[in-house]
Amino acid sequence: MTISGKVVLKQGREQSVLRKHPWIFSGGIASTGGNLGDGDWVEVCTDKGQTLAYGHYQQGSITVRILSFGPSQPDRHFYVSKLNDALQLRHAAGLPTSATNAFRLVHGEGDGLPGLIIDYYDGVSVVQAHSYGMHNDRELIAKALLDVLGTSLHTVYYKSRATLPGKVRETPADGYLSGMGVVPHIILEHQHKFYVDWEEGQKTGFFLDQRENRKLLADFSNGKNVLNTFCYTGGFSVYALKADARLVHSVDASEKAIELTRKNIALNCFDPETHACTATDTFEFLKNKEAFYDVIVLDPPAFAKHRDSRHQAVKGYQRLNTEAMKVIRRGGILFTFSCSQVVDRQLFYDTVVSAAIQAGRDVKVLHHLTQPADHPVSMSHPEGEYLKGLVLYVV
Ligand code: SAH
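For clarity, every value in this text was computed on a predicted model and none was experimentally measured. (Residues numbered from 1 in each chain as written. Predicted model: local features only at pLDDT ≥ 70, side-chain atom pairs only at ≥ 80, totals over all residues. Heavy atoms only, no water.)

## Some thoughts on the overall build of the chain
Point 1. Along the backbone of the chain there are 11 helices and 20 strands.
Point 2. The C-alpha radius of gyration of the chain comes to 22 Å, within 12% of the 21 Å expected for a compact globule of 395 residues.
Point 3. Across the 395 residues that make up the chain, the buried fraction comes to 54%.
Point 4. Counting only contacts in the chain whose residues sit at least 6 apart along the sequence, the fraction spanning at least 24 positions is 64%.
Point 5. In the structure as shown, the chain presents an accessible area of about 17300 Å², 50% of it carried by carbon and sulfur atoms.
Point 6. The average position of the 42 basic charges and that of the 42 acidic charges among the side chains of the chain differ by 4 Å. (Helix = DSSP H or I, 4+ residues; strand = E, 2+ residues; numbered from the N terminus. Rg over C-alpha atoms; globule rule 2.2 N^0.38 Å. Buried < 20%, exposed > 50% of the residue type's maximum accessible area, 1.4 Å probe, protein only. Contact = heavy atoms within 4.5 Å. Areas by Shrake-Rupley, 256 points an atom, 1.4 Å probe, with all protein chains shown as cover. Lys, Arg positive; Asp, Glu negative; His and termini not counted. Charge placed at Lys NZ, Arg CZ, Asp CG, Glu CD.)

Now the structure itself:
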């Protein structure tokens, strides 16, 4: 790897690096040496000149994202070795299987690769960069992927327009780095079939992070009236129907998402009579509804992306959960989620408690849910935990 310069930390600011936290904030930096540009590889050292780590430089509040701790300079095998580590973790977690051939291969900081997301869809990898450094290294990453995954990979698609900071976002680089997959592409998740369209779909094309929570929904769905709000490609709906729900209603504000849900229902050959889709706002949909649903899923997009919008987000979660609790049948089951990283587990829990009070319902917690093993959280980087969920019994 070519190292373009040096970042010298202020005295005492090495502590977080020694604890392996991967971010260097601008306030911790004493000086920078070399002609540094966004995305360059840099060496990070103490004020006494001791080398601590190497990482990607990017002007902004997080100035360095560390990719390699310790004094040795990362060599050209760096990405191969990191992707191998990531794959080993997935194998340890039992992925893939004959029933599940899609998983997240790289989850940013959780895999020691801040700024990088890679999802694997049965033969196709979708690479998403969240930093200039990962954007610059995309070809190297694609090569390393082909090395590590061998014959189980035929296509690498790069998709970062929506996730990169402004400057690069304007230079469209999205496209195939290798191969030419055909969209939509069919994947298997716990034996359920789903179409994935990485070119046109949201994020990398599919929300892999709800895999285990969808499976749990199946346990509650037999013979029930199920409402899946914020359904996107209909993941929860497919599981509920497969588990013999009496009927499933899917709601999403996006027409495109509803179309995808319809296609996935057909792909799994369910009786169309048992499923209905509505393209509308969930809040509108829940307004003045009769007690009709036994099971409701609330999986909204992140209501807060930054700390300054956290208060508004909490109000949103409270209103949404209150509305759902008002209309759910007595003895009903509510699956409620938040994927806002800035709303932590406790805050989300407290918000749902206040929704229960507001709705005047007696509520018991059956399960605490989170993101699955292929979205690991490094203990040095607790900020990596983002998905929180509760399964509630509403009396
Ligand atoms: N539950 C899905 C993922 C949800 S992503 C799954 O398992 O795959 C969030 C979805 O919420 C997106 O599809 C988006 O179109 C939809 N959405 C955003 N705001 C909405 C609103 N106010 N009402 C209904 N859907 C909304």
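That was the structure; now back to the text.
## Concerning the sheet that holds strand 4 (residues 41-45)
Point 1. Strands sit in the order 2-6-5-4-1-3 across an open sheet of 6 strands; the sheet is mixed. On the outer flanks of this sheet lie strand 2 (23-25) and strand 3 (29-33), each paired with one strand and no other. Strand-to-strand twist of the sheet, defined as the mean angle between neighbouring strand axes without regard to direction, takes the value 35°.
Point 2. Pairing geometry for strand 1 (residues 3-9) and strand 3, over 4 bridges, is antiparallel. Each bridged residue has a counterpart across the sheet, and for Lys 6 the counterpart in strand 3 is Gly 33.
Point 3. Contacts between helix 2 (residues 78-92) and the sheet are confined to strand 4, strand 5 (51-57) and strand 6 (62-69), with strand 6 contributing the most and set at about 80° to the helix. (Pairing = 2+ DSSP bridges. Axes fitted to C-alpha atoms, helices over the stretch in contact; angles between N-to-C directions.)

## Re the site of the ligand
Point 1. Close contacts around the ligand come from 15 residues, with Arg 214, Asp 252, Asp 281, Thr 282 and Asp 299 the closest.
Point 2. At a separation of 2.9 Å, an oxygen atom of the ligand approaches a polar side-chain atom of Arg 214.
Point 3. The contact in question runs from a nitrogen atom of the ligand to an N or O atom on the backbone of Ala 253, over 2.9 Å.
Point 4. Split into classes, the residues belonging to the shell around the ligand amount to 7 nonpolar, 4 polar and 4 charged. (Near = heavy atom within 4 Å. Polar contact = N/O pair within 3.5 Å; in protein donor to acceptor, adjacent residues only side chain to side chain. Nonpolar A, V, L, I, M, F, W, Y, C, P; charged D, E, K, R; others polar.)

## A short note on the sheet that holds strand 9 (residues 124-129)
Paired through backbone hydrogen bonds, the strands of a sheet run either parallel or antiparallel to each other.
Point 1. Here 5 strands make up an open sheet; going across it, the order is 7-8-9-10-11 and the pairing mixed. Both edges of this open sheet fall to strand 7 (102-107) and strand 11 (175-178), since each of them pairs with a single strand only. Sheet twist, expressed as the mean angle between neighbouring strand axes with direction ignored, is 25°.
Point 2. Both strand 9 and strand 10 (residues 155-158) contribute to a ladder of 4 bridges, which runs parallel. Bridge assignment links Val 127 to a residue of strand 10, and that residue is Tyr 158.

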